[in-house]
Amino acid sequence: MTRATIVALANQKGGVGKTTTAINLAAGLAFQGVKTLLVDLDPQGNATSGLGIDRQQITHSIYDVLLKDFPIEDAVEPTSVRDLFVVPATIDLAGAEIELVPVFSRERRLSNALKQVENDYQVIFVDCPPSLGLLTVNALAAADEVMIPIQCEYYALEGLSQLLHNVELVKSNLNPGLEVGGVVLTMYDARTRLSKEVADQVRGHFGETVYRALIPRSVRLSEAPSFGEPIEAFDGMSRGAIAYRELAREFRRRHGMD
């Protein structure tokens, strides 16, 4: 198997559908036969619980990988979806930003760890915390590309210049190959003019980088994580499931996986 494409999902604004996209795009690809790993780098651990992993039962997490040199393959957990695996996060990760400060090569801890498994998967997603600290820098240093979820609401582009600035900093200092690989429009409400205006504004700003699939605002999408299932398994006929299925197909086309 060739080396995995590594994608960091990042946006320092919370509540933009970042973890929802991480879970459901990863699951969507796995349902389409793409062997996928999701690394939960957010101390809130929502990608972990959203895929049905009981955080009380986790023996090893991404924290052990980053701070205790634990082999990442030993922290990988299977999920209820065939071909989808997760490296879970626990609350220990909350202190990792500070604990990483004195560590040697602190920005490359994740990059070095992923080298052990990059030939075992076709795609590796990293769900970043909603901040621009050392954990997100680790994800950007390890990634081939950044995927930015943007919600179709007021102030959608606010703060984005800071994220793009950080991407450029990481690119010039740590990871010359890093690109903004995709922008995903989330929480789209077809009934409002605002959603359409924001979508047009984002497409005007990012052009072809923006995925065509629009992720709708949907009750079923917000319910699925509490059942520990991606939307495809929870309600495969819902608008959210159809949208993420389309996004997964589009991702595969862009990355030559068809």
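Please refer to the structure placed before this passage.
J.: I tried to follow the pattern of salt bridges on my own but got confused; where do I start?
T.: This model, assessed by the stated rule, comprises 17 salt bridges. Across the pair Arg106 and Glu107 runs a salt bridge, and its minimum N-O distance is 3.4 Å. Given a relative accessible area of 28%, Arg106 falls into the partly exposed group. Judged by relative accessible area, which is 23%, Glu107 ranks as partly exposed. Among the salt bridges present, the one from Glu197 reaches Arg193, with a minimum N-O distance of 3.0 Å.

J.: Please explain the sheet that holds strand E7 (residues 179–188) as it appears in this structure.
T.: Adjacent strands of a sheet pair through backbone hydrogen bonds, lying either parallel or antiparallel. If you trace the 8 strands from one edge of the open sheet to the other, you get E3-E4-E2-E5-E1-E6-E7-E8, paired in mixed fashion. Edge positions in the sheet fall to strand E3 (77–78) and strand E8 (210–216), since each has one partner strand and no second. Bridging between strand E6 (residues 145–151) and E7 involves 7 bridges; their strand directions are parallel. Within the sheet, the bridge partner assigned to Glu145 lies in E7 and is Glu179. Packed on one face of the sheet, helix H1 (residues 18–31) meets strand E1 (5–9), strand E2 (36–40), strand E4 (84–87), strand E5 (123–127), E6 and E7 and runs near 165 degrees to E5.

J.: Honestly, the pairing of E5 in this entry has me stumped. Any pointers?
T.: As a general feature of sheets, a regular strand has side chains that alternate between the two faces. The buried count for E5 comes to 5 of 5 residues, which makes it a mostly enclosed element. Pairing of E1 with E5 involves 5 bridges; the strand directions are parallel. What sits directly across from Leu9, in E5, is Asp127. In terms of strand pairing, E2 meets E5 through 5 bridges, oriented parallel. For Val39, the partnering residue across the bridge sits in E5 and is Val126.

J.: Is there a simple way to explain the side chain of Glu118 in this structure?
T.: By the element assignment, Glu118 lies in the loop between helix H5 (109–114) and E5. For Glu118, the contacting residues outside a window of four places in its chain are Thr2, Arg3, Ala4 and Ile124.

J.: What am I meant to see in unusual backbone geometry here?
T.: Working note: non-glycine residues mostly have negative phi, and peptide bonds are mostly trans. The phi torsion at Tyr155 lies on the positive side, around 60 degrees, for a residue other than glycine. A positive phi angle, near 55 degrees, is found at Met187, a position not held by glycine.

Analysis parameters
- Residues numbered from 1 in each chain as written.
- Predicted model: local features only at pLDDT ≥ 70, side-chain atom pairs only at ≥ 80, totals over all residues.
- Heavy atoms only, no water.
- Salt bridge = Lys/Arg side-chain N within 4 Å of Asp/Glu carboxyl O.
- Buried < 20%, exposed > 50% of the residue type's maximum accessible area, 1.4 Å probe, protein only.
- Pairing = 2+ DSSP bridges.
- Helix = DSSP H or I, 4+ residues; strand = E, 2+ residues; numbered from the N terminus.
- Contact = heavy atoms within 4.5 Å.
- Axes fitted to C-alpha atoms, helices over the stretch in contact; angles between N-to-C directions.

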